[in-house]
Amino acid sequence: MSTSTSHNQEKAAAFRTIFEKSLLAIAARTNPSTRCIILSGGVDTCAILAATRKLGITFVGALTVVTGDDSPDLGFSVACAAEHGIPHHILRLTADQLVDEYLPGVVTLLKIYNGLLLRNS
C-alpha cells in the first residue's frame, strides 16, 4: 500500500469518527419519537442515513421540498426514504412560494442568508 493511500485511509477514518460523533450528539438531544430528517436524496443526506442506520439512530419521518415534478431531488429522495423505510412527506411549492413565504422565516431562524446553505431545486 502506498503512503498516500494509507494517508487517505487515515483521513477517511478520522472524518468517519467525527461524523459519527456528531450524529450521536444530535441523536442524544433529539427525541426518537419525533426525530425527522430533511431529505434531498443527495449524497449528504444519503450518507447521513447510512451512518445513522449503522449507529442505530432512527427517524420517524422525512420531508422533501420540491418546486416541480422535474426536480432531481424528487426521485432521489423517494428512493432514499424507501431504502431506509422512512415515511416520506413531499411538500410541493412554487419557486415564488418558496422565496416569498418561507425564505424570510428561514433567514430569521438561521440569522444568516447564505445561498450555499439555502438551496432549492
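Quick look at the structure, then.

## Digging into the environment of leucine 91
Inspection of the secondary structure puts leucine 91 in strand β3 (residues 88-92). Judged by its relative accessible area of 31%, leucine 91 falls in the partly exposed class. Through-space distance from the C-alpha of leucine 91 to that of valine 66 is 6.3 Å; in sequence the pair is 25 residues apart.

## With respect to the nonpolar core
Judged by nonpolar contacts, Ile37, Leu39, Leu49, Phe59, Ala62, Cys80, Ala81 and Ile86 together constitute the single largest core of eight residues. Each residue touching phenylalanine 59, except ones within four places of it in the same chain, is listed here: Arg35, Cys36, Ile37, Leu49, Thr52 and Ile86.

## Quick notes on the pairing of β3
With five bridges connecting them, strand β2 (residues 61-66) and β3 associate as parallel partners. For valine 65, the partnering residue across the bridge sits in β3 and is leucine 91. Where the polypeptide runs from β2 across helix α3 (residues 72-84) and back to β3, its parallel neighbour, the crossover connection is right-handed.

## Quick word on the pattern of salt bridges
Scanning the entire structure with this criterion turns up three salt bridges. For glutamate 20, the salt bridge is made with lysine 54, and the minimal N-O distance between the two is 2.7 Å. In this pair, glutamate 20 is assigned in helix α1 (residues 3-28) and lysine 54 in helix α2 (residues 43-55), connecting sequence segments 34 residues apart. Overall, the relative accessible area of 16% leaves glutamate 20 in the buried class. Between glutamate 83 and arginine 53 there is a salt bridge, and its shortest N-O distance comes to 3.8 Å. One end of the pair, glutamate 83, is in helix α3; the other, arginine 53, is in helix α2, and 30 residues separate them in sequence. By relative accessible area, glutamate 83 is classed as exposed at 53%. According to the relative accessible area criterion, arginine 53 is partly exposed, its value standing at 47%.

Calculation rules
Residues numbered from 1 in each chain as written. Predicted model: local features only at pLDDT ≥ 70, side-chain atom pairs only at ≥ 80, totals over all residues. Heavy atoms only, no water. Helix = DSSP H or I, 4+ residues; strand = E, 2+ residues; numbered from the N terminus. Buried < 20%, exposed > 50% of the residue type's maximum accessible area, 1.4 Å probe, protein only. Core = buried A, V, L, I, M, F, W, Y, C linked by side-chain atoms within 4.5 Å. Contact = heavy atoms within 4.5 Å. Pairing = 2+ DSSP bridges. Right-handed = clockwise from strand over helix to strand, strands pointing away. Salt bridge = Lys/Arg side-chain N within 4 Å of Asp/Glu carboxyl O.

As far as function goes, none of this settles anything; it's purely spatial.
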